[in-house]
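A closer look at the structure
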Amino acid sequence: MQTETVIVVAGGGVPCARAEQLPAGAPVIAADEGVDHALALGLTVAVAVGDFDSCSPAGLTALAAAGARVVRHPAEKDASDLELALAEAAALGPRRVLVVGTDAGRLDHALAGLLLLGSARWAGLEVDALLGPATVHVIRDERTFAGEPGELVSLLPLGGPATGVRTEGLAYALDGATLPAGTTRGVSNVFAAPEARVSLAGGVLLAIRPGREPS
């Protein structure tokens, strides 16, 4: 039986996600310091991945007590802890992966993480992320997602042009549009209905819902 969702908890800053936003009973994979964040959310970690340069001693003790599988990597490696955790998640064969992390911290880490979400390696998965107050959906072919009328959502092409883009339920409709890499045309669209549908003929889009405005 296919696993419905695997949760990947990233390291870095403390996530804003709440336990009720996460599917109950989903397997949890933690990337290094993500162990501590997962425990703070009341989650049971099944697999922990990384070089463990930032996970607390208490977190490592909790992993041992829970019998979690720990996959250690050297500090000098060719992939981030998040990438390694996503690979572990994909190996479980889920339909969906939900990444829980932060929108704070280093800009290069944030950009690398967003690019990673849209990697062709996860093309067979439905990938979403809760990053601070923001929600991110990776769109290949088509996705439908719920929102609040008036809520902002930006559609950003990733790795090349997104072609044949069509939207339903958004205030600024696209009907077979091509969004080339680097365009800002898809920035700051708005939910016009409680549900939006985005489809495309080719390419990859990130639908980024920034959440609350900073105070």
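Residues numbered from 1 in each chain as written. Predicted model: local features only at pLDDT ≥ 70, side-chain atom pairs only at ≥ 80, totals over all residues. Heavy atoms only, no water.

1. Describing helix H3 (residues 81-91)
- For H3, the full list of buried residues reads Asp81, Leu82, Leu84, Ala85, Leu86, Glu88 and Ala89.
- Next to the buried residues of H3 lie strand E1 (5-9), strand E2 (28-31), strand E3 (47-50), strand E4 (69-72), strand E5 (96-101) and helix H4 (107-117).
- Within two residues after H3, Gly93 carries a phi angle of roughly 70°, on the positive side. (Buried < 20%, exposed > 50% of the residue type's maximum accessible area, 1.4 Å probe, protein only. Helix = DSSP H or I, 4+ residues; strand = E, 2+ residues; numbered from the N terminus. Contact = heavy atoms within 4.5 Å.)

2. Some remarks on the pairing of E4
- Of the pairings in the sheet, the one linking E3 to E4 comprises four bridges and is parallel in character. When the sheet's bridge partners are listed, Val47 is paired in E4 with Arg69. (Pairing = 2+ DSSP bridges.)

3. Things to note about unusual backbone geometry
- Positioned with a positive phi, Phe52 is a non-glycine residue whose angle comes to about 60°.
- Structurally, Phe52 can be placed in the loop between E3 and helix H2 (57-66).
- A positive phi angle, near 60°, is found at Ser188, a position not held by glycine.
- The residue Ser188 is located in the loop between strand E11 (175-179) and strand E12 (189-190) in this model.
- Among the residues examined, Ser188 registers a relative accessible area of 38% and is labelled partly exposed.

4. Some thoughts on the pairing of strand E8 (residues 142-146)
- Going residue by residue along E8, you find Arg143 and Phe145 tucked away on one face and Glu142, Thr144 and Ala146 left uncovered on the opposite face.
- Pairing of E8 with strand E13 (residues 195-199) involves five bridges; the strand directions are antiparallel. For Phe145, the partnering residue across the bridge sits in E13 and is Ala196.

5. Comments concerning the side chain of Thr167
- By secondary structure assignment, the location of Thr167 is in strand E10 (residues 162-168).
- Relative accessible area serves as the criterion here: at 10%, Thr167 is assigned to the buried category.
- If sequence neighbours within four positions are ignored, Thr167 has contacts with Leu155, Tyr172, Ala173, Leu174, Arg197 and Val198.

6. Topic: the side chain of His37
- Relative to the helices and strands, His37 is located in helix H1 (residues 34-40).
- The buried category is assigned to His37, whose relative accessible area is 7%.
- Within polar-contact distance, the side chain of His37 engages the backbone oxygen of Gly12 at 2.8 Å. (Polar contact = N/O pair within 3.5 Å; in protein donor to acceptor, adjacent residues only side chain to side chain.)

7. A look at the environment of Ala177
- Considering the arrangement of structural elements, one finds Ala177 in strand E11.
- Separated by 100 residues in the primary sequence, Ala177 and Lys77 place their C-alpha atoms 40 Å from one another.
- What Ala177 contacts, discounting residues up to four positions off in sequence, is Ala162, Thr163, Gly164, Val165 and Arg185.

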